Every structure is written in structure tokens, then in C-alpha cells.
Amino acid sequence: RLKKKYPNMTNYRWHSIKLLENDDDISEKYPIDVSDIQNSKYESEIINQRYDFISEIIDEVMVNKAKKSRLTDKADNILIHRIWGIPVFLLIMALVFFLTFTVGDWLKSYFEHWIEMFSAAVSSGLDFLSVSALAHSLIVDGIIAGVGSILTFLPNIFILFVALAFLEDSGYMARIAFVMDKLLRKIGLSGRSFVPMLIGFGCSVPAIMSTRTLASERDRKMTILLTPFMSCSAKLPIYALFTYAFFPKYKVLVMIGLYFTGIITGILYALILKKTAFKGEPVPFVMELPNYRLPSPKSVMQLIWEKAKDFITKAFTIIFLATIVIWFLQTFDVRLNVVTDSKDSLLALIGGLIAPVFAPLGFNDWRISTALITGFTAKESVVSTLTVLLGGDTALLGTMFSTKTALVFLVFTLLYTPCVAAIASVRREMGTKKAAFMVAAIQCLIAWSVAFLVHLVLKLI
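Here we summarise the structure given alongside this text. This is a predicted model, so every value here is computed, not measured.

**Section: the overall build of the protein chain**
Next, step 1: Looking only at helices and strands, the protein chain has 23 helices and zero strands in total.
Next, step 2: Projected onto its principal axes, the C-alpha coordinates of the protein chain cover approximately 95 × 50 × 45 Å.
Next, step 3: Out of the 461 residues belonging to the protein chain, those deemed buried represent 48%.
Next, step 4: Across the protein chain, every contact between residues at least 6 apart in sequence was considered, and the portion connecting residues at least 24 apart equals 72%.
Next, step 5: Summing over all exposed atoms, the protein chain offers an accessible surface of approximately 24,200 Å²; the carbon and sulfur share of this is 66%.
Next, step 6: The averaged location of the 36 negative side-chain charges in the protein chain is 4 Å from the averaged location of its 46 positive side-chain charges.

Written out as C-alpha cells, the structure is:
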């Protein structure tokens, strides 16, 4: 094509490569339509040939290769292999979740025991002081039950962040982005977008903020919209509570299934965005892979401390206030009289207005809709709200859910609108209230639709 249109051009090969790379200067100087052959295959091939050429030069001029580099190359032959790279990553993540809900549950049992002892001691002290029944209920059944139910999941959060910190500091995180590049290009993103998504398994807020490193505005906005589908650690207490209550023998499998449901839903949403609001191709992905290294104990512990501090701070601020509000609304009616049955409370009135929305999903209980509403402030509040509403006895979950509706509820909480902090981050990064509203509204709609589909399938089984 170049020879036909520009017969006097020199070095057709170089100009052809630049046109395939969509070089702005060359495309402007020598405009020619290459859209029918311009795709990621050529980009990858050009990048691979360049690095192959660099490797050949290095092999010729380097006399003494470091042992670390040889070990890195051997590990990379497996970890970033074009066939085995993704299965190995899935096995590593499955191991992470297995440890989170085996070692984590073992430690969790000790936390539960200590909190039960603390609750009993406080209860005895209040009885000794002849504190009123109302104040006793607020402190023991409200604050301690609500906040304590969240603190018991701190070991699970701890194990998850240890694993994520290890993956990040070891140099493997960069390789995951490289491995996932080919797959992500099929949905309109580059491998660089995978790093924020992986961070999203910890918390959506820093994950959304980390999209600032993406060069393309299109890729950045699309990644922001997809990141909330990655299940953050704040949802772990919900998963742990329900899998322990309804799927004790298969809790690890259910957990892994939930995480992959979020990923698959995000992929399908990305395909829709690629064909509608975000047409175009992602930017080429080039990065230098670091050597593998043992994570620094100091940096790992610093990261874990920061995450644990955030979790504890949230437990004693947002969730603390939420449990008091829930207790108050559950205890009093419209005329601020103490109710004998929570069905007559202010909370039942509020929850009852929203409950019909969830009736097609299989749960029409006002307590469930109330818990989902509080989840907008912080996802951990779903557990603390249910704990307060059940009087601290989570064994009573069976009176609100069947095994099937519990699974539908888990799918909905996996996908529905992220917390207020995450929505605020979306607004800050995308710059409009409309974008934040669309994230909240669209994710609610997607969550309801997927949960409804799961409910229909379970009814047929």
C-alpha cells in the first residue's frame, strides 16, 4: 500500500511498522488506512521481536550472568508461560483463599471466645451496678454484639493482606499483569489495568486511586468502572458468616466461586462497555519485569498494620455508630415507645418499604433489606446489623434464609453498590456526580439481575 501511494518513500518496512503502531507523526505525514489489519497481534509481535533482539544482544555481550537472573528466568518459564501462566495464578489465588478461611477461621475461634468472655463480663458488671434494662440492651446486645461480630473476622482479613503483600513485594504482581495482558485485551483493556483490579481484592478505594498510573484516559475510566466488581476485603465477614452457617463443608469452594463470579460479571460488563461507551483499542503494554525477591518483613508488617488499623478504626467509628442507630430504630416505634416485638419498630417500618424489591430474589424479610441498606455505609455493617437484629445469636440466620436464598444473598452482596467511600473515590477520579451515581445505580441493577438469575436456576434444580 505504501509503495503504491508513496513510490518515492525510503525504508518502507520502518514506516509500515510505525503505521501499525499508530504512530501519530507518521500517520499524519503519510495518511493511509490500515484499520483492517491493525490489531493487538501486530503490537504483540512487534514488542516481542524487539525484546528478542535485545535478549540476543545481552546474550552476546554479557560474560557473567548473575545467579539471581538465572533463577528468575527459570521461574518465569512457568509463572509467565503463555499456557500455564493463568492456571498457576488461579492456583495461587485459590491457595490464598484457602489459607484465609482455614488458618483465619482457626484464629477467629479464639477471637470469638475472647469477645464472648468480654460480653459476659460487661453484662455481669452492668447487672451488679443495677443498670436499666434499656441501657443493658444497648451496650451488650447493640454495641458489643455489633462491633464484636466484625472484630472476630480480623484474623481472616489479616491472612488475606499478608498474602497480597507477599505477592506484591515478591515481584509476582508485575508478572500477573503481563500474563493477563492478552486476556484483558479481548475485553478492551491492557495488562496494566489488572494491577488496580487485584488491589481491589483488598479495598476498592486505593484500587480506584491507583488507576492514575494508567496512561490512557479511556483505559483509566473503564478500569474504575470494573474495579468494584472485584470483591473487597470488607465483604469477607459477610461471606464467612454465611458460608460457616450454610455451607460449612464447602465454604472454601463457595468462597472461590463468589470471587470468580465477581470477575466473570466484570468481564461481561467490560464487553458491553467496549461495544458502547468505550469503543477503541487499549494502549500497548510494555513493562520491565523485576527480579524475584523475598518481601521485606518491615514493609509487609507496615502494610498489614495499616490495613488492620483501617479495619479497627472503621469498626469503632462507622460500625459503632451504625449499631447504635440500628439498635435505636429496632427498639422504639414511631411514638418512641419501647416495643416488645421488633416487627412493630421504626426499623421494621423502614425495611418493610424496601423489602418488596428483594421478594423476587427469594427474601422478603424487612431485616434483610435493612442490613443491605446499612451496607452502603460499610459492607461490614451488613453483618453487624444482622447480629444486632438477631440479638447476637447468628445461629438464628436459618430462620431468615434457606440454603438457596443464602446463596442468592451472597451473590447480591458480592455485586451490589460499593461503599460510600468507594463511590466518593469514583466521583473524585471521574470528576462528576453523574459518574458516581451511574456506578451506584448500574451495580445495583446488575447485582439484582444476576441474583435473580441465580434464584431462577436454583429453583429449577
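**Examining unusual backbone geometry**
Next, step 1: Within the chain, Ser130 stands out as a residue other than glycine whose phi angle is a positive 60°.
Next, step 2: By the element assignment, Ser130 lies in the loop between α7 (103-128) and α8 (133-151).
Next, step 3: For Leu336, which is not glycine, the phi torsion reads 60° and is therefore positive.
Next, step 4: By the secondary structure assignment, Leu336 is in the loop between α17 (318-331) and α18 (346-358).

**Here's the deal with the packing of aromatic side chains**
Next, step 1: Applying the stated rule across the entire model yields 22 aromatic pairs.
Next, step 2: Seen from their ring centres, Phe111 and Trp114 are 5.6 Å apart, and the 45° between their planes marks the pair as tilted. One end of the pair, Phe111, and the other, Trp114, are both in helix α7, three residues apart, so they sit about a helical turn from each other.
Next, step 3: In this structure Trp114 comes out as partly exposed when scored by relative accessible area, which is 48%.
Next, step 4: Ring geometry for Trp327 against Phe332: centres 6.2 Å apart, planes inclined by 85°, an arrangement best described as edge-to-face.
Next, step 5: Through successive ring pairs, a cluster of aromatic residues spans Phe242, Phe246, Phe247, Phe358, Phe363, Phe376, Phe401, Phe409, Phe412 and Tyr416.
Next, step 6: When the ring centre of Tyr416 is taken as reference, the NZ or CZ atom of Lys379 above it lies at 4.4 Å.

**A word on the nonpolar core**
Next, step 1: Ranked by internal contacts, the top residues of the largest apolar core, which has 93 residues, are Tyr239, Phe242, Phe401 and Phe409.
Next, step 2: Counting residues per element, this core draws most heavily on helix α15 (residues 251-275), at nine residues.
Next, step 3: In contact with Phe242, not counting residues within four places along its chain, are Phe247, Leu386, Leu397, Phe401, Ala406, Phe409 and Leu410.
Next, step 4: Formed by ten residues, the second largest nonpolar core is a distinct cluster that contains Ile326, Leu329, Trp366 and Val388.

**Quick look at the packing of helix α6 (residues 85-100) against helix α9 (residues 154-170)**
Next, step 1: Look at α6 against α9: their axes get within 8 Å of each other, and the N-to-C directions meet at 150°. In this view, α6 runs roughly antiparallel relative to α9, as classed from their interaxial angle. For the element pair α6 and α9, the recorded crossing hand is right-handed. Residues Ile92, Met93, Val96, Phe97, Leu99 and Thr100 of α6 form the contact with α9, whose participating residues are Asn156, Ile159, Leu160, Ala163 and Leu167.

**Quick notes on the packing of helix α13 (residues 217-226) against helix α22 (residues 420-430)**
Next, step 1: Relative to each other, α13 and α22 sit at 170°, their axes nearing to 11 Å. The orientation of α13 relative to α22 falls into the category roughly antiparallel. From α13, Arg220, Lys221, Ile224 and Leu225 reach across to α22, where they touch Val426, Glu429 and Met430.
Next, step 2: Its residues placed into classes, the contact of α13 with α22 shows four nonpolar, no polar and three charged.

Criteria and thresholds
- Residues numbered from 1 in each chain as written.
- Predicted model: local features only at pLDDT ≥ 70, side-chain atom pairs only at ≥ 80, totals over all residues.
- Heavy atoms only, no water.
- Helix = DSSP H or I, 4+ residues; strand = E, 2+ residues; numbered from the N terminus.
- Buried < 20%, exposed > 50% of the residue type's maximum accessible area, 1.4 Å probe, protein only.
- Contact = heavy atoms within 4.5 Å.
- Areas by Shrake-Rupley, 256 points an atom, 1.4 Å probe, with all protein chains shown as cover.
- Lys, Arg positive; Asp, Glu negative; His and termini not counted.
- Charge placed at Lys NZ, Arg CZ, Asp CG, Glu CD.
- Phe/Tyr/Trp six-rings, centres within 6.5 Å; stacked < 30°, edge-to-face > 60°.
- Lys NZ or Arg CZ within 6 Å of the ring centre and 35° of its normal.
- Core = buried A, V, L, I, M, F, W, Y, C linked by side-chain atoms within 4.5 Å.
- Axes fitted to C-alpha atoms, helices over the stretch in contact; angles between N-to-C directions.
- Parallel < 35°, antiparallel > 145°, perpendicular 65-115°, else oblique.
- Left-handed = near helix turned anticlockwise from the far one by under 90°.
- Nonpolar A, V, L, I, M, F, W, Y, C, P; charged D, E, K, R; others polar.

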